[in-house]
Amino acid sequence: MEPTTFVLFGATGDLAKRKIYPALYNLFVRGKLPQAFSVVGLGRREWTDEVFQAAVERSLYQFSRTEPADEAQLNAFLEAFRYSVLDIGKEEDYRKLLALVESREKALDMPPNRLFYLSVGPEHFEPIADNIRNSGLGSANGWKRLVIEKPFGHDLKSARALNAKLSESFAEEEIFRIDHYLGKPVVQRLESLQQANPVIQALWTNRYIANVQITASESVGVEERAGYYDHVGAIRDMFQNHLLQLLMMAAIHLPFDSTSEKVRFKKKKIMEALVPVQRDEVSAHLVRGQYAAGSMGGKPVAGYKEEPGIAPDSRNDTFIAARLRIDNGDWRGVPFYIRTGKRMNKKSTRIVVEFKEPLKQAWSQSEDGVAPNLLVIEIGPGESITLRLNNKEPGAHGGFKPIHIDLHSTPSDSPEAYENLIGDALKGDPTFFAHWDEVELSWEWVQPVLDAFEADEVPLREYAAGSRGPAESDALLAEDGYHWWFDDENDATPNSEGKEGADYAYNANANH
Ligand code: BG6
């Protein structure tokens, strides 16, 4: 790994403390930071280097997955951190920043390889990128990279405008757009799941797959983010980015020699093949919902409109379920159902691939319950990949029982998403970052939905906090003869450790 200066805008902020410092620390402990490494933190507060280093240290005790145990190691890590006060709009502060970065590079005998991490609101992306260019912080003698977080725009138009602006200062291959779902360990392993298992790869088509269900349900509500969330809703907060990324990752076919170019090219092809939804068809393929008062864990919970900071007549969406179709040879005829919501009955991010049931006909006369085979990819909070098969019990009257083959279970101390992604950005590996083409195509798909929402052409369905979402989301699948899998509070996805609720047991009567 090449020597790098990590320039962090928003160094006193929440994300830095919760995610970025712990990620850097764990990379350091695992020997995955460059040998020569310097961090320059920037913020408006008048901090000294010592105050900054103490804040970083505190964040490790609070948020790191491994607590610092070795004092010498911790000090060696903290020694890399320096702080500079910066007012984002002030050119002079960038000159000061350049002088500090250069003096550290000189002291550590490093080339001017600089990674600029913008852990700040999106309204600051443009002025920062401009100032980086104008101040000469990007040096011709080294490389420069820009790491930014969602939201990348508010709609198609603003996303394009933002990208055009950033492109004036950074080339596409220098821009690393973080979508933290792409950093999740199980998502990163989808690629090798196919590559290492020709059996799975062979089944990965519309010949054998009936439907694909992607769920990201959350039990939390809007929390303290009313000001942000009431303007974006589930469609922009989760669907346009995280969920469409999961769809791309689930739908791509990868050759054995896949490279980051190939992965991203294939993802783009999936987005291009996604059948657009016209504004007047949105209601037929998409359910929008908002949570009302309900109860969770036996306690009453307020409805969305009663949450602090939310407009009492808000029409914002806190739930989306949609049916999408990919019009290519592999996926024609296979619905992809995508769903996300706040204040649902449980926190679960998963992909369930339901296979077709050629056996069903043959066994339909018997008492035996033959359930469809399922590939269950549990992304969070548990992490596992299991294949559910049917096993005939011995004896003349034995029925079918599901068995779960554990294809992968991640150790509980696996790196966090930010650790994976920051490590990749430092290496310059863009595989698990969103390319502009993907982002643009995602906004293109979503734009008619935003227009239809804006004009209030799509009913806003209420669902009780703590429930599975609006009934219409079940109806969406029932129209096609399917149902959502693993939906009840106690019906956890099967994983090797059997954690997260009750053991999964197939109930033949619950089948569609
Ligand atoms: C964020 C959204 O991007 O993802 C949040 O802004 C959401 O609203 C979060 O809660 C969910 O992430 P995770 O990793 O907890 O599934």
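A brief look at the structure comes next. (Residues numbered from 1 in each chain as written. Predicted model: local features only at pLDDT ≥ 70, side-chain atom pairs only at ≥ 80, totals over all residues. Heavy atoms only, no water.)

## Section: the site of the ligand
In step 1: Neighbouring residues of the ligand: Lys150, His180, Tyr181, Lys184, Glu218, Arg225, Asp237, Met238, His242, Lys342 and Lys347.
In step 2: Contacts to the ligand include His242, whose side-chain N or O atom sits 2.7 Å from an oxygen atom.
In step 3: The separation between an oxygen atom of the ligand and a polar side-chain atom of Lys342 is 2.7 Å.
In step 4: Contact with the protein chains covers 79% of the free accessible surface of the ligand, which is 400 Å².
In step 5: Taken together, the residues that form the shell around the ligand break down as two nonpolar, two polar and seven charged. (Near = heavy atom within 4 Å. Polar contact = N/O pair within 3.5 Å; in protein donor to acceptor, adjacent residues only side chain to side chain. Areas by Shrake-Rupley, 256 points an atom, 1.4 Å probe, with all protein chains shown as cover. Nonpolar A, V, L, I, M, F, W, Y, C, P; charged D, E, K, R; others polar.)

## A word on the environment of Leu156
In step 1: Of note, Leu156 is situated in helix H6 (residues 156-167).
In step 2: Residue class for Leu156 comes out buried when judged on its relative accessible area of 13%.
In step 3: In this structure, the C-alpha to C-alpha distance between Leu156 and Gln447, residues 291 residues apart in sequence, is 6.4 Å.
In step 4: The contact partners of Leu156, leaving out residues within four places of it in the chain, are Glu440, Trp443, Glu444 and Gln447. (Helix = DSSP H or I, 4+ residues; strand = E, 2+ residues; numbered from the N terminus. Buried < 20%, exposed > 50% of the residue type's maximum accessible area, 1.4 Å probe, protein only. Contact = heavy atoms within 4.5 Å.)

## A look at the nonpolar core
In step 1: Counting 144 residues, the largest nonpolar core has Phe6, Phe9 and Phe239 as its most contacted members.
In step 2: Leu374, Val376, Trp485 and Phe486 belong to the second largest nonpolar core, which has five residues in total. (Core = buried A, V, L, I, M, F, W, Y, C linked by side-chain atoms within 4.5 Å.)

## A word on the pattern of salt bridges
In step 1: Considering all chains together, one arrives at 37 salt bridges under this definition.
In step 2: The partner of Arg65 in a salt bridge is Glu419, with the nearest N and O atoms 2.7 Å apart. A residue pair is termed long-range when its members are at least 10 positions apart, and Arg65 in the loop between helix H2 (49-63) and helix H3 (71-78) and Glu419 in helix H13 (residues 417-427) qualify at 354 residues.
In step 3: Salt bridges sharing partners connect three or more residues here, namely Arg339, Arg350, Arg468, Asp474 and Asp487. (Salt bridge = Lys/Arg side-chain N within 4 Å of Asp/Glu carboxyl O.)

## Here we look at the pairing of strand E3 (residues 81-85)
In step 1: For E3, a buried count of four out of five residues is recorded, marking the element as mostly surrounded by other parts of the structure.
In step 2: In this sheet, E3 lies alongside strand E2 (residues 37-43) in parallel orientation, the contact comprising five bridges. Directly across from Val40, in E3, lies its bridge partner Arg82. (Pairing = 2+ DSSP bridges.)

## Observations regarding the packing of H2 against H3
In step 1: For the pair H2 and H3, the least separation of the axes is 10 Å and the interaxial angle reads 130 degrees. With respect to each other, H2 and H3 are oriented oblique. For the pair H2 and H3, the crossing hand works out as right-handed. Residues Gln53, Val56, Glu57, Leu60 and Tyr61 of H2 touch H3, and the partners they reach there are Leu74, Phe77 and Leu78.
In step 2: Classifying every residue of the contact of H2 with H3 by side-chain character gives six nonpolar, one polar and one charged. (Axes fitted to C-alpha atoms, helices over the stretch in contact; angles between N-to-C directions. Parallel < 35°, antiparallel > 145°, perpendicular 65-115°, else oblique. Left-handed = near helix turned anticlockwise from the far one by under 90°.)

## Re the packing of helix H5 (residues 125-135) against H6
In step 1: It is at 9 Å that the axes of H5 and H6 come closest, and there the two elements cross at 15 degrees. With respect to each other, H5 and H6 are oriented roughly parallel. Considering the relative orientation of H5 and H6, their crossing is left-handed. Residues Phe125, Glu126, Ala129 and Asp130 of H5 form the contact with H6, whose participating residues are Leu162, Lys165 and Leu166.
In step 2: Tallied by class, the residues present in the contact of H5 with H6 amount to four nonpolar, no polar and three charged.

## Some thoughts on a nonpolar patch on the surface
In step 1: Judged by side-chain polarity, Ile403, Ile405 and Leu407 come together as a nonpolar surface patch covering roughly 200 Å² of accessible area.
In step 2: With respect to the element layout, Leu407 can be found in strand E16 (residues 400-409).
In step 3: Among the residues examined, Leu407 registers a relative accessible area of 32% and is labelled partly exposed. (Patch = residues over 30% accessible without salt bridge, like charges linked within 9 Å, V, L, I, M, F, W, Y side chains within 5 Å.)

## A few points about the packing of aromatic side chains
In step 1: In total, this model carries 24 aromatic pairs according to the counting rule given.
In step 2: Summarising the aromatic geometry, the rings of Phe52 and Phe81 are spaced 5.8 Å apart at their centres and angled 65 degrees between planes, so their arrangement reads as edge-to-face. Of this pair, Phe52 sits in helix H2 while Phe81 sits in strand E3; the two residues are 29 residues apart in sequence, bridging distant segments of the chain.
In step 3: Ring pairs connect the aromatic residues Tyr21, Tyr25, Phe28, Trp47, Phe52, Phe77, Phe81 and Tyr83, which therefore count as one cluster.
In step 4: Looking at Lys144, its charged tip hangs above the ring of Phe170, at a distance of 5.2 Å from the centre.
In step 5: Lying over the aromatic face of Trp143, Arg145 brings its terminal NZ or CZ to 3.5 Å of the ring centre. (Phe/Tyr/Trp six-rings, centres within 6.5 Å; stacked < 30°, edge-to-face > 60°. Lys NZ or Arg CZ within 6 Å of the ring centre and 35° of its normal.)

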